[in-house]
Amino acid sequence: MKAKKILFISQEMLPYMDATQMAYINRHLPQAIQSEGAEIRIFMPRWGVINERRNQLHEVIRLSGMNIIINESDHPLIIKVTSVPQSRMQVYFIDNDDFFKGRGMLADEEGNEYTDNWERAVFFARGVIETVNRLFWVPDIIVCQGWAASLAPVLMKTAYRNDPAFINSKVVFQLDAIRPKLPPQDNFEGCLTQRGIDFEGIRKRGIDLADVDAPLQLAISYSDAVVQAVNGAMPDLVEKATAEKKPVLRVKDIKKLRETYTNFFDKLV
C-alpha cells in the first residue's frame, strides 16, 4: 500500500474493552495494515474499566510528565503502554486521574453520561498529538474513531496545522454507533481554546459549539475522509460528509478489512 505510516486514535479496542464491532475493527485493522508492510501506532484512552495488571500496562516515563491546560486548569498527562496479545503491536494509553480513573467510557454504571465527556475528549486528542510529537514520528494517514477521538481532526487542522508531524497527513474519521446525548458543557469553547484554534473558521462552517452533535460535526468537517464503520450508523452525518464532498467508505464486511481499507487509503494518498 502507498501509506507507510498510519496512526490509529481509537476510543475502544479488543481485548481491553467490550466486544463491539468497532472494538473488533480497531483490534484487527491495524494488524492487517501492518501485515501489508505499514508502520503503525495505536492510541486509546485508559478508561477506568481497563484492568492494568491483567493487561500488563506500564508507564512510559520518558513520555509522561507534561501538563495539558484545559479551560485554565492543569491536567498531568500520563502515558502507558502494553503489547496486544498474540501480535507484534503495541498500544499507547492516554491516562489522567481526573478524567479516567474509576470511570467508564461514556457513562457511569447507572447509564448517566459524564458531564465532562467533551473535556475528556479534548484531553485525549491533545495527549495523543503531543505524544506523537515526542515520538518524532510523522504519519501519512491518521484514523480517528468514535466520539472520544472526534476533536483530533479540528485540532490537527487548526491549532497544529503547521506542525511537521501533521501538516501533510490525511485525517480519516470513523463513525460508529455510539452517539453521546449530552451537549458539550458550557465551557466547551474554553476547553478547545489554545493558540491557533480557528473559531472564526468553525463559525463559517455553520457549526454551533453548543449543539449536541458539535464535536462529531467538527470531526466530519475537518477530516479528509469519513468511514461509516457500523452499517447504517449516523446517516445524517454521513450525508453531511457527502454534502461536503468528502470521500466516504461504508464498511459492509468486517471480514475483508485489509482489502476494504487499503484500497480506500491508497486513493487518499
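This text goes with the structure placed above it.
What counts and how
- Sequence order sets the numbering: in each chain, residues are counted from 1 along the sequence as written.
- For a predicted model such as this one, the threshold for reporting local features is a pLDDT of at least 70, and the threshold for listing and counting side-chain atom pairs is 80 or more; totals across whole chains, interfaces and linings nevertheless cover every residue.
- Excluded from the side-chain calculation are hydrogens and water; included are all heavy atoms of the structure.
- To sort residues, take the accessible area from a 1.4 Å probe on protein chains only and compare it with the maximum for the residue type: under 20% means buried, over 50% means exposed, and anything in between is partly exposed.
- Strands here mean DSSP runs of E at least two residues long; helices mean DSSP runs of H or I at least four residues long; both are numbered from the N terminus.
- Here a strand pair is declared whenever DSSP counts at least two bridges between the two strands.

1. What to know about the pairing of strand S9 (residues 170–175)
Counting buried residues in S9 gives 5 out of 6 residues, a clear majority hidden from the surface. Sheet topology note: the strand S8 (residues 141–145)/S9 ladder contains 5 bridges and is parallel. Across the sheet, residue Ile 141 finds its bridge partner in S9, namely Lys 170. Sheet topology places S9 next to strand S10 (residues 225–228); 4 bridges connect them, and they run parallel. Across the sheet, Phe 173 pairs through a bridge with Val 226, a residue of S10.

2. Thoughts on the sheet that holds strand S11 (residues 248–250)
Sheets are built from strands paired through backbone hydrogen bonds, the pairs being either parallel or antiparallel. Taking strand neighbours across the sheet as the criterion, the 9 strands line up as S3-S6-S7-S2-S1-S8-S9-S10-S11 in an open arrangement whose pairing is mixed. Only two strands of the sheet have a single neighbouring strand rather than two, namely strand S3 (58–59) and S11. Strand direction decides the pairing type here: strand S1 (residues 5–10) and strand S2 (residues 39–45), joined by 5 bridges, are parallel. Note that in S2 the partner of Ile 6 across the bridge is Ile 40.

3. Structural notes on the pairing of strand S6 (residues 78–83)
Where S3 meets S6, 2 bridges bridge the pair, whose relative direction is antiparallel. In the strand pairing of S6, His 58 is matched with Val 81. Judged from the 6 bridges that link them, S6 and strand S7 (residues 90–95) form a sheet pairing that is antiparallel. Residue pairing across strands places Ile 78 opposite Asp 95, the latter belonging to S7. Counted between consecutive antiparallel strands, the loop separating S6 from S7 contains 6 residues, among which Gln 86 sits at a positive phi close to 60°.

By themselves, these are just geometric observations and shouldn't be taken as functional.
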